[in-house]
Structures are given as structure tokens and as C-alpha cells.
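Examining the three-dimensional arrangement
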Amino acid sequence: MTGSEGRFALLACALIMALAVPARAQALELRVRNDFANSLDTAVVYFDDSSGVWRTRGWYVVGPKSSKTFTFSTSSPEIYLHSQLAGPNRTLWGRGDVTRMVISKSFSYFDGEDCPAGPDRRKVKFSKYTAKQNVLNYRPVKAVAPLPDAGENSFTAAQAELLKLINAERRKAGIDAVVLNGTVSDAAKRRVLELPKRMEHTRPNGEKYSTVFAEFNLKPAASAENLARTTGPLEVSRFNELFMNSSGHRKNRLNPEYTTVGIALYSAGGNNYCIELFTGPGERKKTGSDHLALVSANIVNLVNNERKRSGLKPLATSGALHRAALTRAGELVRKPDINTRPDGRKFETVLGDNGLVYAYSWSSGSVFDSDDALEMYRKFSSDAGYRKQILTKEISAIGAGVFQHGNQYICVQILCAAEAPEKSLEESWKELEQSIQDLRDLFK
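Residues numbered from 1 in each chain as written. Predicted model: local features only at pLDDT ≥ 70, side-chain atom pairs only at ≥ 80, totals over all residues. Heavy atoms only, no water.

1. With respect to the sheet that holds strand β14 (residues 271-279)
Whether parallel or antiparallel, the strands of a sheet pair through hydrogen bonds between backbone atoms. With respect to topology, four strands assemble into an open sheet ordered β11-β13-β14-β12, the strand pairing being mixed. Of all strands in the sheet, those with a lone pairing partner are β11 (179-180) and β12 (223-231), marking the two edges. As defined by bridge partners, strand β13 (residues 260-268) adjoins β14 across nine bridges and the pair is classed as antiparallel. In the strand pairing of β14, Val-261 is matched with Phe-278. Sheet strands in contact with helix α1 (residues 156-172) are β11, β13 and β14, and its direction is about 135 degrees off that of β13. (Pairing = 2+ DSSP bridges. Helix = DSSP H or I, 4+ residues; strand = E, 2+ residues; numbered from the N terminus. Contact = heavy atoms within 4.5 Å. Axes fitted to C-alpha atoms, helices over the stretch in contact; angles between N-to-C directions.)

Here you go:
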């Protein structure tokens, strides 16, 4: 991975998490609650302050129907967890934010090392969590409780009518229709029955609305919840009006990232309640250009999150910038040179080809074995030159593109600015030395 001054590197090895070294050590408490009748075993990936490297370690065991607190000396609030329930029918938890090798016995190793040899050696998925005030409360759940009965309230016709109204609004905005999903609707039904107790996106037990998905073995990568209440006769058009007149609810309905919806309605105590649960692709990924466009968008979001943490303005993006980066990603298949296009022109000419004009541009690219946006961003961020560019205040726009070539994914990012960033004295001196050398070569 390089900038315009460097070379284009092919990455054939497994990706290693490369995060900025946190500033100072703190004690992070992981409080694990096990509600099951079998032991719960958890493996952890955390930043080990004593070594200055990310460490994978297991197993942290919590007995049946009990809780236990584990303490880690780490200055990073981020921690990655994989859990499994003991017993003949192994239940696993882990979204796949990162993957690591584990064995069935106790183990420990640092990034850059191999997992120790041992029984049942395998690759597993870990989920990312962020501790708040150095504490992370962790309680895996699965669908064990029966779905509550809504009694005599049957809203199949109203559900179908509301789906038509949602998709009519999406068509007006030029967005693909969402598909009604039965399991997501079951989750919505459970939520709508909770609204008379607590008319919020927080559930009566104090948990976030999104915890309902795990109760139905759903793991959406993205989700949103719309809820509303009316009085008098049940009128679907009234709910549609309420949602479309609210900026937040309207944004959820017209978000192209959501492909599936669950709808539930309920009447009780003279009130009518409605829930719309929108979800995006989870473990079963979308394929093709739509999915890779979403991966590209997630990379842009990760860059802007990093800038926000550094007190910088987010970078703008556009369809034209995305197309420019995607074009360069495809061109790297034919000519793996980040600075020069297959026809011999400089890389920045792709901006002009897409009707874009910037005073300064910088490009970075690499090849990956998976389409995981987080892993891509981490590898890019391990390069000091890349981090310097994305955290340069003069940079104002970004384009990201991911191109699939066989079983590999080529990602290119193009950073742009209306004015060239100020150069350091060292950079200016190096340019002067290069210019002098070029003149000497010219008159040899």
C-alpha cells in the first residue's frame, strides 16, 4: 500500500490488525453474564499494554447461570470477543469483525505470531465492542423464549398496505424496494408488544431495540427502527404520514442500505402502535456491485470517524469520486502501478475523466483476500503515509472503490483538496534535491 510517491503492494498473507498504539494503560473490566445452563467460554482480542501489541487469549470461563468479571491492562476501549456455549450442541457468538485462530485448550499469542498448536485448532469470528468508562457488560443471548401472542389482533392486511406505501416512497426517491421478511416481522411483533410499556427505542428491560434480533438468530450488519402511536381507528395512511413527516423516520425508510423490513401493528388501551424494523445485509452478504459499493461507503465512513476523533471535518464524497476510484481499482489488474494508468497517463487524470477538478490529489491502493471494510481500513491505517494524508486538514474529499478480481478485492482510495497541503521543510528540501538531480541527469 503506497501513496503517489510509492509502490503498489500485493498482500497475499492474512491481515493483521494494525491499530494506533493507545496512549496510556488503564484497567478495562469485562463483566460477563451467563444466563445458560452450560458453561460459557470466551476468547478475547485486546491491546496488551505491557507488550504494545494486540493479543488473542482464551478461554475465560463463566459457569452456568452466573457472572464473572475479568480485568485487562489496556488503554484501548475496543475489545473483540468470541464466545461458545459448552455442550453437545455448540452455540457460537461472533459477527466476524475480525477472525483469529483458537484451540480448545487455554492459549495466548500476539499479532504477528501463530496460534499455538493444540486440539480442535480452527479459525473463529470475533465481534467488536467498545467499553464505556472502562467497563464492558457482555451477555450473549439466543432465541429461547416463545414469541408473545398478540391475542386477537391480526394486522396482515394493514401490514401489506404499509409495505406498499413504503416502497412507493422509495420508488419516488429512485431507491430499490425493500422485501418483507417473516422473521424480521416476528422481531417487530415482539417489539410492538413492548411499546405500551415503554414507547421508546429502548426496551422495557433497558436494553437497546437492536437486542431483539439476537432473540430470533438474526445478525443484520445494519438496522433501524421506526415506531409510532396513534389513537382512534387504525389507519395505515396515518402511520405513513407520521413517518414521512419526521426527518429521522423518513431517512430510515429511504436508506438504500436497508434491503429488508419487518412490520408489526398492535392495538391496546385505545392506542394503535406500529413498528418498522429495517435491516441491511448480515452474514448472508449481498453480492455484486451493490455490495462492493457499500463496502466502499463503509471505508469512507471509517476514514471520517478517524478524522472526527482528531477534531477534523469529515471528507465529502460523491458518485463521481467513487467511479474514479473504482476505475483505478479495475485498472490495477492490468497494470499494478498506483501512480500510472495502463495508457501511461498519471493516476490523477481519472479525476478529469469523471468531470472532477482538484488542485491536489493523492492515491493509495492494495489487494485483499476478503471484502471486509474494517480489515481493509486497518491495513491502510498501518501505513504512516496514509494516516498522514487522511488527517491532513486541507484534504476535503475522498473517493473509495473496491473491484473484485477472482477471489481477491482491490481497493483504491483517492484523496483530494482544493488547494495543495502545506509541505514540511523536509519535504520541500527533498523535492529541491530531486530537481537538482534531474537537472544533472538532463545535462549529462
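2. Examining the side chain of Asn-240
Inspection of the secondary structure puts Asn-240 in helix α3 (residues 236-244). According to the relative accessible area criterion, Asn-240 is buried, its value standing at 10%. Of note is the side chain of Asn-240, whose polar atom sits 2.5 Å from the side chain of Arg-253. In this structure, Asn-240 is in contact with Leu-162, Leu-165, Glu-169 and Arg-253, ignoring residues within four places of it in sequence. (Buried < 20%, exposed > 50% of the residue type's maximum accessible area, 1.4 Å probe, protein only. Polar contact = N/O pair within 3.5 Å; in protein donor to acceptor, adjacent residues only side chain to side chain.)

3. So, the nonpolar core
With 25 residues, the main nonpolar core has Ile-299, Val-303, Met-376, Tyr-386, Val-402, Cys-411 and Leu-415 as its most contacted residues. Residue assignment for this core shows that the elements contributing at least two residues are α5 (289-309), β15 (360-368), α8 (373-381), α9 (384-390), β16 (397-405) and β17 (408-417). Ranked by the residues each element gives to this core, the list is headed by α5, at six residues. Beyond its immediate chain neighbours, meaning those up to four positions away, Val-303 contacts Leu-315, Tyr-377, Tyr-386, Ile-390, Ile-398 and Gln-413. Of all hydrophobic cores here, the second largest spans 18 residues; its members include Leu-28, Leu-30, Val-62 and Leu-81. (Core = buried A, V, L, I, M, F, W, Y, C linked by side-chain atoms within 4.5 Å.)

4. Quick look at the pairing of β17
Among the 10 residues that make up β17, nine are buried, leaving the element largely enclosed by the rest of the structure. Examined bridge by bridge, β16 and β17 share nine bridges and lie antiparallel to one another. Bridged to Val-402 within β17 is Cys-411. What sits between the antiparallel neighbours β16 and β17 is a turn of two residues, in which Gly-406 has the positive phi angle 65 degrees.

5. Notes on the side chain of Glu-169
One can find Glu-169 in helix α1. The exposure class assigned to Glu-169 is buried, which follows from its relative accessible area of 16%. Setting aside residues up to four positions removed in sequence, Glu-169 forms contacts with Asn-240, Met-244, Arg-253 and Leu-254.

6. Notes on the pairing of strand β9 (residues 122-130)
Two strands pair when backbone bridges link them, and strand β5 (residues 78-85) and β9 are joined in this way by four bridges, in the antiparallel orientation. Counted as the bridge partner of Tyr-80 is Lys-128 from β9. Of the pairings in the sheet, the one linking strand β7 (residues 98-102) to β9 comprises five bridges and is antiparallel in character. In the strand pairing of β9, Met-101 is matched with Lys-123.

7. Focus on the environment of Glu-78
Mapped onto the fold, Glu-78 is located in strand β5. At 3.1 Å, the side chain of Glu-78 and the side chain of Lys-128 are in polar contact.

8. Considering unusual backbone geometry
Put simply, Gly-58 and Trp-59 share a cis peptide bond, and its omega is 0 degrees. Following the sequence through the fold, Trp-59 ends up in strand β3 (residues 53-62). At Lys-65, a residue that is not glycine, the phi angle is positive and equals roughly 45 degrees. On the secondary structure map, Lys-65 appears in the loop between β3 and β4 (66-73). Relative accessible area serves as the criterion here: at 61%, Lys-65 is assigned to the exposed category. Phi angles above zero are rare outside glycine, and Asp-120 is one such case at about 55 degrees.

9. Focus on the packing of α1 against α3
When two helices pack together, you describe them by how their axes are tilted relative to each other and by the distance separating the axes. Packing of α1 against α3 brings their axes to within 10 Å, and their N-to-C directions diverge by 35 degrees. When the axes of α1 and α3 are compared, the crossing they make is right-handed. Taking contact as the criterion, the partners of Ala-158, Glu-161, Leu-162, Leu-165 and Glu-169 in α1 are, on α3, Val-236, Ser-237, Asn-240 and Met-244. Of the residues assigned to the contact of α1 with α3, the class counts are five nonpolar, two polar and two charged. (Left-handed = near helix turned anticlockwise from the far one by under 90°. Nonpolar A, V, L, I, M, F, W, Y, C, P; charged D, E, K, R; others polar.)

10. Some thoughts on the sheet that holds β15
Pairing is antiparallel in the open sheet, where three strands are placed in the order β15-β17-β16. Each of the sheet's edge strands pairs with one partner strand only, and the pair in question is β15 and β16. Put simply, the sheet's adjacent strands are angled 15 degrees from each other on average, direction ignored. Running over the sheet, helix α6 (residues 319-334) touches β16 and β17 and is turned about 40 degrees from β16. α8 rests against β15, β16 and β17 of the sheet, and its axis sits at about 120 degrees to β15.

11. Concerning α1
In a regular helix each residue adds 1.5 Å, so 17 residues correspond to 24 Å; α1 covers 25 Å between its end C-alpha atoms and thus fits that length. Along α1, the residues classified as buried are Ala-158, Gln-159, Leu-162, Leu-163, Ile-166, Asn-167, Glu-169 and Arg-170. Seen from one end, α1 has its buried residues packed into an arc of 165 degrees, which puts them on one side. Looking at α1, the residues exposed on the side facing more than 90 degrees away from the buried face are Ala-157, Lys-164, Arg-171 and Lys-172. (Expected span 1.5 Å × (residues − 1). Arc of directions from axis to C-beta.)

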